[in-house]
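What follows is each chain in one-letter form.
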Amino acid sequence: MTRTLTTLAGSFVLLASSALTTFAADQEISWIYCGDSIDPAHVKYIAEWESQNSGWKVVPEVVGWAQCQDKATTLAVAGTPVAMAYVGSRTLKEFAQNELIVPVPMTDEEKAAYYPNIVDTVTFDGTQWGVPIAFSTKAQYWNKDLFKQAGLDPEVPPKTWAETIAMAKQIKEKTGIAGYGLPAKTFDNTMHQFMHWVYTNDGKVIDADGNIVIDSPQVLAALQAYKDITPYSVEGATAYEQNEIRAIFLDGKVGMIQASVGAAFRLADTQIDWGVADLPVGPDAKGKGTLLITDSLAIFSGSGVEEKAIEFAKYITSPEVQEAYEGGGSAGLTPLRPSPAVDAMVAGAPYWKPFIDGIEFGGPEPLFTDYKGFQNVMIEMVQSVVTGKAEPADALKKAAGELEQYK
């Protein structure tokens, strides 16, 4: 059954004044490609695929990151879909419930080739709705210089939430500098950052059957930890998103942050003595964890070339091609699959290890039929706690009730 369009309808309104492009549906696979230019690896392998599939042509249309998903959505809603588009996996459920995309069946062998839990980022109701193409995880960075100034061992980062809070407190009290960087701005990564805490304590927001399970002891503990660390974090957390927090860390003005591997690349150009380790875990953790964020290739319904587009999507994300696209870590993407090349990458740059190790017990961005609605509820919940407007238990119960309408 087709559901009422929410964020999808908003995308159509946003671009309704644009001229809609009609793509040929014969031997052409049209691809909304996000970015400023086509990656050299994709240029090479598109040509290779075309040489092996006579009569077929892949036609990428490069669209900026801020507009690419909206454009793909607009074309689909208007009935003139592209064959394939690069989308955030978080939107797949909404696309599927509105019958705008088709399933992308995966064999057991294909699923097993990925790191654990990666396929879950594109799965609901037991069906895969996209092919992962880009992947990000987080780890915890610490400033060794500030650890020294605070009387902490600079070579020993916190392993648990309790240790993180205690160390943040000591840094703040001994140096006057924020011990931790907690982002709580009205921005999508506020929700992402909180999900890292959820997944490092064996928590969930929604289960495989679509039940809202956020109101649990595991998630309550995460929200309580947010409240407990706020006094020792960067002042005015609601003014900062994660990249702004990262900038403060790069300036040497905060003791610890959670960030992607991109922070390691930037730290190479600073004088900071830093380290990076696994995300600290909560009291109910089963192991190391992280939020698993993927972008995917979605195959749109109605292009007339769905089967061939699925074939190409699997090819362009196959291990050989993906290894070239990920660039041995130079692109800042966490690898989607284990391989000897990944082992060599970690051996050559050990800071990669925590970004890989957290995958085993990581979890996906929760899939909702209105992802932005879900995101806004989570942000409001976090903000109400860090500003002291609500106690964690009350904020969590309120959020659980509000999420029912978006599942």
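How each quantity is defined
Residues numbered from 1 in each chain as written. Predicted model: local features only at pLDDT ≥ 70, side-chain atom pairs only at ≥ 80, totals over all residues. Heavy atoms only, no water. UniProt positions renumbered as here; feature names shortened; annotations may be inferred. Helix = DSSP H or I, 4+ residues; strand = E, 2+ residues; numbered from the N terminus. Pairing = 2+ DSSP bridges. Axes fitted to C-alpha atoms, helices over the stretch in contact; angles between N-to-C directions. Core = buried A, V, L, I, M, F, W, Y, C linked by side-chain atoms within 4.5 Å. Buried < 20%, exposed > 50% of the residue type's maximum accessible area, 1.4 Å probe, protein only. Phe/Tyr/Trp six-rings, centres within 6.5 Å; stacked < 30°, edge-to-face > 60°. Lys NZ or Arg CZ within 6 Å of the ring centre and 35° of its normal. Parallel < 35°, antiparallel > 145°, perpendicular 65-115°, else oblique. Contact = heavy atoms within 4.5 Å. Nonpolar A, V, L, I, M, F, W, Y, C, P; charged D, E, K, R; others polar.

As annotated in an unreviewed UniProt entry, the chain carries the name Extracellular solute-binding protein and comes from Peteryoungia desertarenae. In the Sequence similarities (unreviewed entry) part of its UniProt record, the chain is described as follows: "Belongs to the bacterial solute-binding protein 1 family." What the UniProt record of the chain gives under Subcellular location (unreviewed entry) is the line "Periplasm".

A. Unusual backbone geometry, seen in detail. A positive phi angle, near 60°, is found at glutamate 99, a position not held by glycine. Within the element layout of this structure, glutamate 99 appears in the loop between helix 4 (92-97) and helix 5 (108-112).

B. Quick peek at the sheet that holds strand 8 (residues 256-259). Ordered by their spatial adjacency, three strands build an open sheet running 8-7-9, and the pairing between neighbours is antiparallel. Looking at the sheet topology across the chains shown, the edges are occupied by strand 8 and strand 9 (274-277). When strand polarity is set aside, the average angle formed by the axes of neighbouring strands in this sheet is 25°. Bridging between strand 7 (residues 139-143) and strand 8 involves four bridges; their strand directions are antiparallel. In the strand pairing of strand 8, glutamine 140 is matched with glutamine 258.

C. Focus on the nonpolar core. Membership of the largest hydrophobic core comes to 82 residues, with the highest contact counts inside it found for Trp31, Tyr141, Phe300, Phe312 and Ile316. With six residues, helix 12 (residues 306-316) is the single largest residue contributor to this core. One finds Ile165, Trp197, Ile229 and Phe374 within the second-largest nonpolar core, a separate group that totals 51 residues.

D. The pairing of strand 10 (residues 291-299), seen in detail. In terms of burial, strand 10 is largely enclosed, as nine of its nine residues are buried. Bridge count between strand 6 (residues 131-136) and strand 10: five bridges; the pairing is antiparallel. Residue pairing in the sheet places alanine 134 in a bridge with aspartate 295 of strand 10. Of the pairings in the sheet, the one linking strand 10 to strand 11 (residues 363-364) comprises two bridges and is parallel in character.

E. Spatial organisation of the packing of aromatic side chains. Per the counting criterion, the structure on display carries 21 aromatic pairs. Aromatic pair phenylalanine 124 and tryptophan 129: ring centres 5.5 Å apart, planes at 15°, arrangement stacked. What makes phenylalanine 124 buried here is its relative accessible area of 12%. For the ring pair tyrosine 180 and tryptophan 197, a centre distance of 6.2 Å and an interplane angle of 85° mean the geometry is edge-to-face. Placement of tyrosine 180 in the loop between helix 7 (161-175) and helix 8 (188-199) and of tryptophan 197 in helix 8 is noted, with a sequence separation of 17 residues between them. For the residue pair tyrosine 180 and tryptophan 197, the accessibility class agrees, reading buried in each case. The rings of Tyr141, Phe249, Phe265, Trp274, Tyr351, Trp352 and Phe355 are connected pair by pair, giving a single aromatic cluster. Here lysine 93 stacks its cationic end above the ring of phenylalanine 124, 5.7 Å away from the centre of that ring.

F. How the structure looks around the packing of helix 16 (residues 371-386) against helix 17 (residues 392-403). Closest axis-to-axis distance for the helix 16/helix 17 pair is 9 Å, and the angle between their directions is 170°. As the angle between them shows, helix 16 and helix 17 are arranged roughly antiparallel. Of the residues in helix 17, those touching helix 16 at Phe374, Val377, Met378, Glu380, Met381, Ser384 and Val385 are Pro392, Ala395, Leu396, Lys398, Ala399, Glu402 and Leu403. By residue class, the composition of the contact of helix 16 with helix 17 is 10 nonpolar, one polar and three charged.

G. Local environment of the environment of isoleucine 101. Relative to the elements of secondary structure, isoleucine 101 occurs in the loop between helix 4 and helix 5. Given a relative accessible area of 4%, isoleucine 101 falls into the buried group. Each C-alpha atom, one on isoleucine 101 and one on glycine 302, is 8.5 Å from the other, the two residues being 201 residues apart in sequence. Apart from the residues lying within four places of it in its own chain, the contact partners of isoleucine 101 are Leu92, Phe95, Ala96, Trp129, Ala298, Ile299, Phe300 and Ser301.

H. Structural detail: the pairing of strand 3 (residues 84-88). Within strand 3, five of the five residues are buried, which leaves the element mostly enclosed by the surrounding structure. Pairing geometry for strand 1 (residues 28-34) and strand 3, over two bridges, is parallel. For isoleucine 32, the partnering residue across the bridge sits in strand 3 and is alanine 85. Relative to strand 10, strand 3 runs antiparallel, the two being bridged by five bridges. Residue pairing across strands places glycine 88 opposite aspartate 295, the latter belonging to strand 10.

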